[in-house]
Amino acid sequence: MLVRLLYVSQPVGPITTTVTTSILVKSQANNKKANITGILCQGAGLWLQALEGERSQVNRLYSRIMGDRQHHNLEILSMHEIKHRQFEQWSMALVHLDKDDPMVKMAHPEFDPYSASAEDAMSLLDVLIKSSSPITMMDA
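Residues numbered from 1 in each chain as written. Predicted model: local features only at pLDDT ≥ 70, side-chain atom pairs only at ≥ 80, totals over all residues. Heavy atoms only, no water.

### Some details on the side chain of His 71
Tracing the sequence through the fold places His 71 in strand 4 (residues 71-81). A distance of 2.7 Å separates the side chain of His 71 from the side chain of Ser 9, its partner in a polar contact. (Helix = DSSP H or I, 4+ residues; strand = E, 2+ residues; numbered from the N terminus. Polar contact = N/O pair within 3.5 Å; in protein donor to acceptor, adjacent residues only side chain to side chain.)

Here you go:
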């Protein structure tokens, strides 16, 4: 059974290029082995991530994320069954969320993922993907 998990968290400490690159490289390698796909949106003091895969694999990954000291204030926005993957081309892609990005402001002027509906959060991910170039590094 395929599921999509959408969660938000806040990073502990500054998010540097080194930290981001390390997360992306590790995620891509691990997710390929577990057949998990997804996207990580980072910026404005938060991480917004969608993970897709078999329910047991996504649950295992989210359990590891909950134990990761780089995250705090983790909150699941949604987890539901899906028929098709939305992010099947990426074992993990990264989109930077710039709070001053005009596309984000126009579509979601006061977006707060902790109070937003899952539909609004997915809508923001769609806007970000369409208005930017996700960083995929290792993905072919």
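There is more to say after this.
### Quick look at unusual backbone geometry
A positive phi angle is found at Asn 35, which is not glycine, with a value near 55°. Tracing the backbone shows Asn 35 in the loop between helix 1 (17-34) and strand 2 (37-43). Phi at Asn 73 is positive, roughly 55°, even though this residue is not glycine. If you trace the backbone, Asn 73 turns up in strand 4.

### Thoughts on the sheet that holds strand 5 (residues 93-96)
A sheet is described by the order of its strands in space; here 5 strands give the open sequence 4-1-3-2-5, paired in mixed fashion. The strands lining the two open edges of the sheet, one partner per strand, are strand 4 and strand 5. Direction aside, neighbouring strands of the sheet carry axes that sit 15° apart on average. Here 8 bridges tie strand 1 (residues 2-11) to strand 3 (residues 46-54), and the two strands are oriented antiparallel to one another. (Pairing = 2+ DSSP bridges. Axes fitted to C-alpha atoms, helices over the stretch in contact; angles between N-to-C directions.)

### Side note on the pattern of salt bridges
Counting across every chain of the model gives 1 salt bridge. Close ionic contact of Arg 4 with Glu 52 constitutes a salt bridge, the shortest N to O distance being 2.9 Å. With Arg 4 in strand 1 and Glu 52 in strand 3, this residue pair connects regions lying 48 residues apart in the sequence. Glu 52 matches Arg 4 in its accessibility class, with the two residues each being buried. (Salt bridge = Lys/Arg side-chain N within 4 Å of Asp/Glu carboxyl O. Buried < 20%, exposed > 50% of the residue type's maximum accessible area, 1.4 Å probe, protein only.)

### Here we look at the side chain of Thr 37
Looking at where Thr 37 falls in the secondary structure, it is placed in strand 2. Engagement of the side chain of Thr 37 in a polar contact is seen with the side chain of Arg 85, the distance being 3.1 Å. Excluding its chain neighbours within four sequence positions, the residues that come into contact with Thr 37 are Ala 50, Leu 51, Glu 52, Arg 85, Phe 87, Glu 88, Trp 90 and Ser 91. (Contact = heavy atoms within 4.5 Å.)

### Quick word on the nonpolar core
It is characteristic of soluble globular proteins that their nonpolar side chains tend to be buried jointly. Among the nonpolar cores identified, the biggest contains 18 residues, and Leu 6, Ile 39, Leu 48, Phe 87 and Leu 125 are the most heavily contacted of them. When residues in this core are grouped by element, the largest group, 6 residues, is from helix 4 (residues 118-131). When sequence neighbours within four positions are dropped, the list of residues in contact with Ile 39 reads Leu 48, Gln 49, Ala 50, Phe 87, Trp 90, Met 92, Ala 93, Val 95, Leu 125 and Ile 129. Among the nonpolar cores identified, the runner-up in size contains 16 residues, and Ile 23, Leu 24, Leu 51 and Leu 94 belong to it. (Core = buried A, V, L, I, M, F, W, Y, C linked by side-chain atoms within 4.5 Å.)

### Section: the layout of surface pockets
In this model, the largest pocket occupies a volume close to 420 Å³. Along its surface, the largest pocket is lined by 19 residues, and Ile 23, Ser 27, Ile 65, Asp 68 and Gln 70 are the ones closest to its centre. Broken down by secondary-structure element, the contributors of at least two residues to the lining of the largest pocket are helix 1, strand 3 and helix 2 (55-67). Sort the elements by how many residues they give to the lining of the largest pocket and helix 1 lands first, with 7 residues. (1 Å grid on protein atoms, 1.4 Å probe; cavity = no way out; pocket = protein on both sides within 12 Å on 5 of 7 lines; lining within 4 Å. Points joined across faces, edges and corners; volume = space filled by probe spheres on them.)

### Thoughts on helix 2
When the terminal C-alpha atoms of helix 2 are compared, their 19 Å separation across 13 residues agrees well with the 18 Å that a helix rising 1.5 Å per residue should span. Burial in helix 2 covers these residues: Val 58, Leu 61, Tyr 62 and Ile 65. Burial along helix 2 is one-sided: seen end-on, the buried residues are contained in an arc of 100°. For helix 2, the exposed residues set more than 90 degrees away from the buried face come down to Met 66 and Gly 67. As for helix 2, its buried residues are in contact with strand 1, helix 1, strand 3 and strand 4. (Expected span 1.5 Å × (residues − 1). Arc of directions from axis to C-beta.)

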